[in-house]
Amino acid sequence: MSSGNHKHEKSRLHSRNKNREKYDIGALIISNPKLKDHIIHNRSKEKSIDFSNPLSVKILNQALLNHYYGIKNWEFPDENLCPPIPGRADYIHHIADLLGENNLGTIPTGDKIICLDIGIGASCIYPIIGVTEYDWRFIGSDIDPKAIASAQNIIDSNSAIKNKIECRLQKKSKDVLHSIISKKDKIDLIICNPPFH
Ligand SMILES: C[S@@+](CC[C@H](N)C(=O)[O-])C[C@H]1O[C@@H](n2cnc3c(N)ncnc32)[C@H](O)[C@@H]1O
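Let me begin by describing the structure that accompanies this report. (Residues numbered from 1 in each chain as written. Predicted model: local features only at pLDDT ≥ 70, side-chain atom pairs only at ≥ 80, totals over all residues. Heavy atoms only, no water.)

## Let's talk about the site of the ligand
Consideration 1: Around the ligand, 19 residues are found, and the nearest of them are Arg88, Gly119, Asp142, Asp175 and Asn193.
Consideration 2: Interatomic distance of 2.7 Å between a backbone N/O atom of Gly119 and a nitrogen atom of the ligand.
Consideration 3: Interatomic distance of 2.6 Å between a side-chain N/O atom of Asp142 and an oxygen atom of the ligand.
Consideration 4: When the ligand is considered free in solution it has 600 Å² of accessible area, and contact with the protein chains removes 81% of it. (Near = heavy atom within 4 Å. Polar contact = N/O pair within 3.5 Å; in protein donor to acceptor, adjacent residues only side chain to side chain. Areas by Shrake-Rupley, 256 points an atom, 1.4 Å probe, with all protein chains shown as cover.)

## Topic: the side chain of Arg20
Consideration 1: Along the chain, Arg20 falls in the segment before α1 (25-31).
Consideration 2: Look at Arg20 and you get buried, because its relative accessible area is 15%.
Consideration 3: Of note is the side chain of Arg20, whose polar atom sits 2.5 Å from the backbone oxygen of Leu13. (Helix = DSSP H or I, 4+ residues; strand = E, 2+ residues; numbered from the N terminus. Buried < 20%, exposed > 50% of the residue type's maximum accessible area, 1.4 Å probe, protein only.)

## Things to note about the sheet that holds strand β6 (residues 189-192)
Consideration 1: If you walk across this open sheet you meet the 4 strands as β5-β4-β3-β6, and the pairing is parallel. Two strands in the sheet have a free side with no partner beyond their single neighbour: β5 (165-169) and β6. Taking the axes of each pair of neighbouring strands and ignoring which way they run, one obtains an average angle of 20° across the sheet.
Consideration 2: Pairing of strand β3 (residues 114-118) with strand β4 (residues 137-142) involves 5 bridges; the strand directions are parallel. In the sheet register, Ile118 faces β4, and the bridge partner there is Ser141.
Consideration 3: Of the strands in this sheet, β3, β4, β5 and β6 touch helix α4 (residues 125-134), which is tilted by about 180° from β4.
Consideration 4: Packing of helix α5 (residues 145-156) onto the sheet brings it into contact with β4 and β5, and relative to β5 it is tilted by some 165°. (Pairing = 2+ DSSP bridges. Axes fitted to C-alpha atoms, helices over the stretch in contact; angles between N-to-C directions. Contact = heavy atoms within 4.5 Å.)

## Re α4
Consideration 1: Counting buried positions along α4 yields 9 of 10 residues, so the element is predominantly enclosed.
Consideration 2: By the burial criterion, the buried members of α4 are Ile125, Tyr126, Pro127, Ile128, Ile129, Gly130, Val131, Glu133 and Tyr134.
Consideration 3: Once α4 finishes, Asp135 follows within two positions and takes phi at roughly 60°, a positive value.

## Brief notes about the pairing of β5
Consecutive side chains along a regular strand alternate between the two faces of the sheet.
Consideration 1: Pairing between β4 and β5: 5 bridges, direction parallel. Bridging from a neighbouring strand, Phe138 pairs with Ile165 of β5.

## Thoughts on the state of the cysteines
Consideration 1: Under the defined criterion, the tally for this structure stands at 0 disulfides.
Consideration 2: The thiol of Cys167 is unpaired, and the distance to the nearest cysteine sulfur, on Cys124, comes to 5.8 Å. (Disulfide = S-S within 2.5 Å.)

## Comments concerning the layout of surface pockets
Consideration 1: Put simply, the largest pocket is a space of about 630 Å³.
Consideration 2: Taken together, 29 residues line the largest pocket, and the ones lying closest to its centre are Gly119, Ile120, Gly121, Asp142 and Asn193.
Consideration 3: Elements with a minimum of two residues in the lining of the largest pocket: β3, α4 and β4.
Consideration 4: Residues belonging to the lining of the largest pocket are distributed by class as follows: 14 nonpolar, 9 polar and 6 charged.
Consideration 5: The calculated volume of the second largest pocket comes to roughly 210 Å³.
Consideration 6: Taken together, Lys10, Arg12, Leu13, Tyr23, Phe51, Val57, Leu60, Asn61, Leu64, Pro84, Pro86 and Gly87 make up the lining of the second largest pocket.
Consideration 7: When contributions to the lining of the second largest pocket are tallied by element, the ones reaching two or more residues are α2 (54-69) and α3 (85-101).
Consideration 8: Ranked by residues supplied to the lining of the second largest pocket, first place goes to α2 with 4 residues.
Consideration 9: When the residues that make up the lining of the second largest pocket are grouped by side-chain class, the tally is 8 nonpolar, 2 polar and 2 charged. (1 Å grid on protein atoms, 1.4 Å probe; cavity = no way out; pocket = protein on both sides within 12 Å on 5 of 7 lines; lining within 4 Å. Points joined across faces, edges and corners; volume = space filled by probe spheres on them. Nonpolar A, V, L, I, M, F, W, Y, C, P; charged D, E, K, R; others polar.)

What follows is the structure, encoded as structure tokens:
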């Protein structure tokens, strides 16, 4: 991770992943000034963070979401693990490719595409990336009322995603689709990050 160096790309990531380029620490600090206090120098003498420190990881990911996706408020309880943005973004780009394969090679964008995220989590991460990258709409389910409340708070406090994601509480932990979707719902895609099911 180095400052201002865009030459070296992380080729393991999807070609449309905005986080392929090396992190521009200066720009990320502008996006989230709290990051400044978490910068260290790694063994290669490059600016980095301590990836074993959950707070540093969260602050870095908040900066990434702000800088690349326009998400200004991404707060959720510390008891919820912080999802790494580049990996979650990769998943969304790969499912976009799958949709494109079934759409004459063109990735469908816009709010006619409805994606159901089973287990949206407190961070709301897959819908955030799907809305900001492809303008899809999302339904997000979860069995945890606190996760639903947290996701809803993130949705309500970010104009980039407001009104584009609907949270639904799953009251029976053994159910997945039952009581979450009805005959009225037209779902194009279902995604889920276990561990469950
Ligand atoms: C590993 S977390 C994934 C959170 C988020 N999608 C992510 O990728 O970071 C799994 C989530 O699934 C929820 N969950 C567990 N069983 C569920 C079920 N039957 N229906 C909906 N959500 C469920 C959990 O409460 C938890 O928030």
